[in-house]
Number of protein chains: 2
Amino acid sequence: MVVTIKDIAEKVGVSVTTISRVLNNRGYLSDSLKKKVSEAMEEMNYQPNEVARSLLRKKSHIIGLILPDISHPFFGEVTKHIEAFAYDQGYKLMLCNSLHHKKKEKEYIDLLRASRVDGIIMGSHTMSVKDYMSINLPLVTLDRQISKSIPFIASDNYQGGVLATQLLLRKKCRKIAYLSGNLRLSLLAKQRHDAFLEQVSGQDAQFQFIVKQTDLNGFKYKEYEKLVSGLFQEHPDLDGVFASSDMLALQVLKQCRRLGKAVPDQVKVIGYDGISVGDAEDLTTIVQPIKMMGELAVRYLLLQIAGEQVPLETILPVRLSEKATT
Amino acid sequence: MVVTIKDIAEKVGVSVTTISRVLNNRGYLSDSLKKKVSEAMEEMNYQPNEVARSLLRKKSHIIGLILPDISHPFFGEVTKHIEAFAYDQGYKLMLCNSLHHKKKEKEYIDLLRASRVDGIIMGSHTMSVKDYMSINLPLVTLDRQISKSIPFIASDNYQGGVLATQLLLRKKCRKIAYLSGNLRLSLLAKQRHDAFLEQVSGQDAQFQFIVKQTDLNGFKYKEYEKLVSGLFQEHPDLDGVFASSDMLALQVLKQCRRLGKAVPDQVKVIGYDGISVGDAEDLTTIVQPIKMMGELAVRYLLLQIAGEQVPLETILPVRLSEKATT
DNA sequence: GTGAAAGCGCTAACAA
DNA sequence: TTGTTAGCGCTTTCAC
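Attention here is on the structure that accompanies the text. Quick caveat: nothing in here was measured; it's all calculated off a predicted structure. (Residues numbered from 1 in each chain as written. Chains lettered and ligands numbered in written order. Predicted model: local features only at pLDDT ≥ 70, side-chain atom pairs only at ≥ 80, totals over all residues. Heavy atoms only, no water.)

Attention now goes to the protein's contact with DNA strand C. The environment of DNA strand C is formed by 25 residues, the closest being A:Thr18, A:Arg21, B:Ile5, B:Tyr46 and B:Leu56. Per the 4 Å cut-off to the protein, sugar and phosphate atoms form 63% of the nearby atoms of DNA strand C. At 3.3 Å from a base nitrogen of DNA strand C is found a side-chain nitrogen or oxygen belonging to B:Thr17. For DNA strand C, a phosphate oxygen lies 3.2 Å from a polar atom in the side chain of B:Asn24. Counting only elements with at least two residues in the surface near DNA strand C, the list comes to α2 (16-24) and α4 (50-57) of chain A together with α2 (16-24) and α4 (50-57) of chain B. The element contributing the most residues to the surface near DNA strand C is α2(B), with five residues. In terms of residue class, the surface near DNA strand C is built from 11 nonpolar, eight polar and six charged. (Near = heavy atom within 4 Å. Polar contact = N/O pair within 3.5 Å; in protein donor to acceptor, adjacent residues only side chain to side chain. Helix = DSSP H or I, 4+ residues; strand = E, 2+ residues; numbered from the N terminus. Nonpolar A, V, L, I, M, F, W, Y, C, P; charged D, E, K, R; others polar.)

Encoded structure:
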């Protein structure tokens, strides 16, 4: 069986209370006792049972992280920072992929509540606002806005849209496509779209633009591929593409290679996110401050757990990173 | 306060035992009672406290996953499958990034033991074999072999090395580089290297090959970049590159673009892993059965948790996926 | 300085 | 069918 505090107590010849005191370093303890207890713990390979502690303290030091899909590089990178920061603060991470399924997301929320996690970072959003309001647990949403009353962390999507579009215009693109996932899914991505529309609206009569979106929820790269190849079939004269994610932009580059279109000479491509795989292609993109987003999500969650107030809306700056594709 | 079984019991007017029975569907219970209890739970938004249950049952239904870095696409993808399969089996996932740090890995193992996870999937390996042996918890290693006595799941790295090298040879490459991360870090990646050496050893005197490896442990893409640019500087006449990961291969493609080397005409490039971002570049690669690796890791871990025997060595087949870079 | 006892929320004998 | 009781491993009064 696993070693408990009781075993240690017996071995050392004191009560469990004393052991607990040593464990938590509370009250007056003689150094010799401390040492004896530590040695016994070492010797018996004792690990305090966090489950019992959690039960008593009503605090698990676990935070739940609900994402659409950890295999998507953006979420992989943000998760890396969330994990690192949470770890520094003494918190563990329970990882949940909703895969964009409402049912799974709902079940995971129940699971997390049942597991008495201390709070949840939501990077997925498939349920109704009412459902989230009733979670009744410290909550932060990441790269999503669920409701004005739930703190959210995001980057400046509108500004990102402006920067990207302006770059293409500056580069004299005359027929630009805006590509995105499902706009209904994300209020924030919609801002990039809005920014795009606003920027292109002032152009002359010869200027053209196209907006294309996938209607599915997943990150199906095969679908991306279809979307992009369809785009070039319909509009072989495109000379600029603003893709609302780097992964989408990579598909655009791929199609360009296949069709023999020179990038950036014939077609200029800009992505969005600033993930490392984009960098591996010298992709021009709008860089989100991924690390800061992850850290702030954790920070604001822990503040809430501690009973503090946090800002309801946090918009972080983005920047243009111009590489080889424009 | 949070609702407990006792609150429900009082509300319905029965004992806590009865509520527990309804919860676990044990013993004989009248339908009317079941309904009354369910309604009360619904109404009070009750969630059974898994922490208390875990304490009693000595089973948390949590598995720990220790990885070097979740933001690396290979681990992101395998984690996605691990999560999905674990979820289907009623298990939650605690995510731990070691970042290749021995200290952090060690601390995480202690944390996981303290949290009473039911088992650990190890995708990281920085400690000594002895340390792992003393974990004393069901364990599976993924894409790593720590010891002959700890079950491990991997793909056929030797065969992958053979397939990749043979392809380059078949394509008449006359000067091939093998690029890899730190070989000392992974016995398995070393097999790809060995396979490479064996395949090229039978070539005629004019044939040349180079082996280059990064000596750091992290997945630093900047380092990859340096490695690759150095490679081409020293060996401008290279006509084939076998990169031991797709992420490395992407860096090779990038350098080729920068240097104006045509792929595959002047240089043929093959990667390793079969991650989606490679697919987004039409990269020729050796595809590891990532989904199956993740599933088997979970399956074998759960079998161990259930007290069953599992194979100590599981080698899954790889396949060549030839795309545009060869 | 140290220990006995109660209790966190739940389940599992054992009774009734 | 249902309830009483004990106890999972730990911490925390309250005594001594």
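Once that is clear, we can look at the pairing of strand β9 (residues 268-273) of chain A. All names here are of chain A. The buried count for β9 comes to six of six residues, which makes it a mostly enclosed element. Residues of β9 alternate between two faces, with Lys 268, Ile 270 and Tyr 272 on one and Val 269, Gly 271 and Asp 273 on the opposite face, all of them buried. The sheet contact formed by strand β8 (residues 240-243) and β9 spans three bridges and is parallel. When the sheet's bridge partners are listed, Val 241 is paired in β9 with Val 269. The sheet contact formed by β9 and strand β10 (residues 284-287) spans four bridges and is parallel. Along β10, the bridge assignment pairs Gly 271 with Thr 285. (Buried < 20%, exposed > 50% of the residue type's maximum accessible area, 1.4 Å probe, protein only. Pairing = 2+ DSSP bridges.)

Take the environment of B:Leu227 next. Mapped onto the fold, B:Leu227 is located in helix α10 (residues 221-234). When residues no more than four places from it in sequence are discounted, the contact partners of B:Leu227 are B:Leu179, B:Ser180, B:Lys212, B:Gln213, B:Thr214 and B:Leu248. (Contact = heavy atoms within 4.5 Å.)

Residue and element names in this part refer to chain B. Two elements in contact, helix α8 (residues 157-170) and helix α9 (residues 187-201), have axes whose closest approach is 7 Å; the angle formed by their N-to-C orientations is 35°. The two elements α8 and α9 cross, and the hand of that crossing is right-handed. Between α8, through Asn 157, Tyr 158, Gly 161, Val 162, Thr 165, Gln 166 and Leu 169, and α9, the contact on the second element is made entirely by Leu 188, Gln 191, Arg 192, Asp 194, Ala 195, Phe 196, Glu 198, Gln 199 and Val 200. Looking at the contact of α8 with α9 residue by residue, the classes come out as seven nonpolar, six polar and three charged. (Axes fitted to C-alpha atoms, helices over the stretch in contact; angles between N-to-C directions. Left-handed = near helix turned anticlockwise from the far one by under 90°.)

A general trend in soluble globular proteins is that nonpolar side chains are found buried together. Core analysis: the largest hydrophobic core is formed by 104 residues, its most contacted members being A:Ile121, A:Ile153, B:Ile121 and B:Ile153. Sequence-distant contacts of A:Ile121, that is, excluding residues within four places in its chain, are made with A:Ile63, A:Gly64, A:Leu65, A:Ile66, A:Ile82, A:Val140, A:Leu142, A:Ala297, A:Val298 and A:Leu301. Membership of the second largest hydrophobic core comes to 34 residues, among which are A:Val117, A:Ile120, A:Met127 and B:Val117. (Core = buried A, V, L, I, M, F, W, Y, C linked by side-chain atoms within 4.5 Å.)

With 57 residues of chain B at the interface, the matching set in chain A holds 56 residues. Buried area between chain B and chain A, summed over both chains or domains, comes out near 5,000 Å², and the portion from carbon and sulfur atoms is 58%. Three residues stand out in chain B for area buried against chain A, namely B:Gln47, B:Tyr87 and B:Arg116, and they jointly supply 13% of the buried area on that side. Ionic pairing is found between A:Lys104 and B:Glu83, a salt bridge with its closest N-O pair at 3.0 Å. On the surface where chain B and chain A come into contact, there are 26 residue pairs in polar contact (both at pLDDT 80 or more). Of all the secondary structure elements, the ones that give two or more residues to the side of chain B that touches chain A are α4, α5 (73-88), β2 (92-97), α6 (102-114), α10, α11 (246-259) and α12 (276-279) of chain B. The biggest single contributor to the side of chain B that touches chain A is α5(B), with eight residues. Grouping the amino acids of the side of chain B that touches chain A by side-chain chemistry returns 25 nonpolar, 12 polar and 20 charged. (Buried area = accessible area lost by both parts, 1.4 Å probe. Salt bridge = Lys/Arg side-chain N within 4 Å of Asp/Glu carboxyl O.)

On to the pairing of strand β11 (residues 313-316) of chain B, then. Residue and element names in this part refer to chain B. Of the two faces of β11, only the one carrying Thr 314 and Leu 316 is buried; Glu 313 and Ile 315 on the other face are not. By the bridge criterion, four bridges tie strand β5 (residues 152-155) to β11 in an arrangement that is parallel. Pairing of Ala 154 across the sheet is with Ile 315, part of β11.

Further remarks concern the sheet that holds strand β7 (residues 208-213) of chain B. All names here are of chain B. Strand order in this open sheet of six strands is β7-β6-β8-β9-β10-β12, and the pairing throughout is mixed. The open sheet has two free edges, formed respectively by β7 and β12 (319-321), since each of these has just one partner strand. Sheet twist, expressed as the average angle between the axes of neighbouring strands with direction ignored, equals 20°. Both strand β6 (residues 175-180) and β7 contribute to a ladder of six bridges, which runs parallel. Opposite Tyr 178, over in β7, you have Val 211 as the bridge partner. Sheet strands in contact with α11 are β6, β8 (240-243), β9 (268-273) and β10 (284-287), and its direction is about 160° off that of β9.

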